[in-house]
Amino acid sequence: MEKTFWTLGVLLISLVPCTYSDFQSRKGTSKRVIRAVDNGDANDGKRCGYTFLVPQQKITGPICVSTKGPGPNKNQVTRMDLENLKDALGKQRRDMETLQVVVDVDGNIVNEVKLLRKESRNMNSRVTQLYMQLLHEIIRKRDNSLEIAHLENKILNVTAEMLRAATRYKELEVKYASLVDLVNNQSAIISLLEEQCMRVFSRRDPHGSPPLVQVVPQHIPNIQQYTPGLGVGNEIQRDTGYPRVRDSRQPPQAPAPTISPFRVPPVTIIDEGPFRDCKHAKESGFSSSGIYLIKPQNANSHMQLWCENGLDPGGWTVIQKRIDGSANFFRNWETYKKGFGNIDSEYWLGLENIYQLTNQDNYKLLIELEDWNNKKVYAEYSSIRLEPETDYYRLRLGTYQGNAGDSMVFHNGKQFTTLDRDRDMYTGNCAHFHKGGWWYNACAHANLNGVWYRGGLYRSKHQDGIYWAEYRGGSYSLKTVQMMIRPID
Ligand SMILES: [Ca+2]
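Thresholds, definitions, all that
- Residues numbered from 1 in each chain as written.
- Predicted model: local features only at pLDDT ≥ 70, side-chain atom pairs only at ≥ 80, totals over all residues.
- Heavy atoms only, no water.
- Helix = DSSP H or I, 4+ residues; strand = E, 2+ residues; numbered from the N terminus.
- Buried < 20%, exposed > 50% of the residue type's maximum accessible area, 1.4 Å probe, protein only.
- Contact = heavy atoms within 4.5 Å.
- Areas by Shrake-Rupley, 256 points an atom, 1.4 Å probe, with all protein chains shown as cover.
- Phe/Tyr/Trp six-rings, centres within 6.5 Å; stacked < 30°, edge-to-face > 60°.
- Lys NZ or Arg CZ within 6 Å of the ring centre and 35° of its normal.
- Donors = N, O, S within 2.8 Å, 3.2 Å for Na, K, Ca; no water.

By the naming in an unreviewed UniProt entry, the chain goes by Fibrinogen C-terminal domain-containing protein and is assigned to Eleutherodactylus coqui.

Have a look at this one:
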């Protein structure tokens, strides 16, 4: 249909002559594009040829074509061209705007990509950091695992060691029990032998067995009488290191000792010296109790001993001390001559040392006694001196004063007796019966070198405890005793 209209238009233009003015007069009725076909023929034959591009609309009226007037200039820019150009420019502008929009969008995308790259880098760094932390944690846990394994091995080793120690402890318990049995058997044998000896002596000696010292309480008004079977004491003296907590043979009526057997008191050891005695050390500026180095004037060797400055006026030289039964005092002559025990607990200074000390100056003797009620008494003698070994260290004492009673007067002027050197006044050996060396008479009112019994009253066939007959009698073993000497001021 459209082709039909276009064809009809072209045919009418080519057949109907018209003027340009006619055309101009009718141009307002339609929108057209004019293109010159042949300007020369139009001027000569008064015919004009146009090519119309008619819009797609139905032509209802007559069409007039002008054949006169000036022809179109090829170089002249027509309105249509301007319109076309304007359309093209508009299209290009729109394209540019579109492109601008696209460019803007791309820019935003680029920025977003940059931002994402940056975030990606940050994430990579964070991931790397976390990875390192994870590695560190893994290494730490592995180290902890190794340490735990090491500790477990240690625990296993310690446990094995404990088991071995427990086994060893049980073995020692068995040995200890066997030793206790052995000692009991030996005690029984000794008692049997002693009875045999007594029978022999009784045939030769009208005095019989050594007299037992009666309980002679002079300072204890209400002393407990010894009841057979009430107190169960030790039969022998313990050696150092015996586990005393295992001793179940304690008298039920005995008060608990005030000194723990496991107590480790601080010990002061004075490196200065040697001093003549403890008084000399105190006068030299050393006023604390402890272990001192002493060398009497005429002695050939040094000795270590305990200086007691806790008692007025201080400067006491301790020659004998019993506190816990840790030392065995059933010794022979040579041992009593040289001394034995532990300086910071129980010891015997030695007869030769006491002899050297008491012969370099005028000394007095202080004996401190403590019972199991923690009551302390004392006996002081105005002088003390030992004769030399050739006289078996005969004891020379001055006058007594104190509140313990004078039990040593019975021993004054007597020689020293040990189990292997009998110098006492008894037909037998007092050291055998009383189980310790002493200046026995026949035999003793005081024996501070006997057996340390726990609890006071003890059961023994012979009076072999640590006793002071004038204080609590011969059947009461004292808790602590201490013999000290000091030059007379
Ligand atoms: Ca004798």
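Now for the overall build of the chain. Across its full length, the chain carries eight helices and 14 strands. In the chain, which comprises 489 residues, the proportion classed as buried is 36%. Considering only residue pairs separated by 6 or more positions, the chain has 57% of its internal contacts joining residues 24 or more positions apart. Here the chain has roughly 28700 Å² of accessible surface; of this, 55% comes from carbon and sulfur atoms.

This part is about the packing of aromatic side chains. Within the structure shown, the criterion is met by 19 aromatic pairs. Measuring from ring centre to ring centre gives 5.7 Å for W348 and F416, while their planes differ by 35°; the resulting arrangement is tilted. Note that W348 is positioned in strand β7 (residues 347–348) and F416 in the loop between β11 (400–402) and α8 (430–434), a separation of 68 residues in sequence. Comparing W348 with F416 shows no difference in burial state: the two are buried. Between R322 and the ring centre of F329, over which it is positioned, the NZ or CZ distance is 3.8 Å. Its guanidinium or amino end placed over the ring of W372, K479 lies 5.8 Å from that ring's centre, counting from NZ or CZ.

What follows is about the coordination of the calcium ion. Taken together, D422 (OD), D422 (OD), D424 (OD), Y426 (O) and G428 (O) make up the full set of protein donors to the calcium ion, lying 2.1 to 2.4 Å away. In primary sequence terms, the donor set of the calcium ion follows D-x1-D-x1-Y-x1-G. Each member of the pair, D424 together with Y426, is buried.

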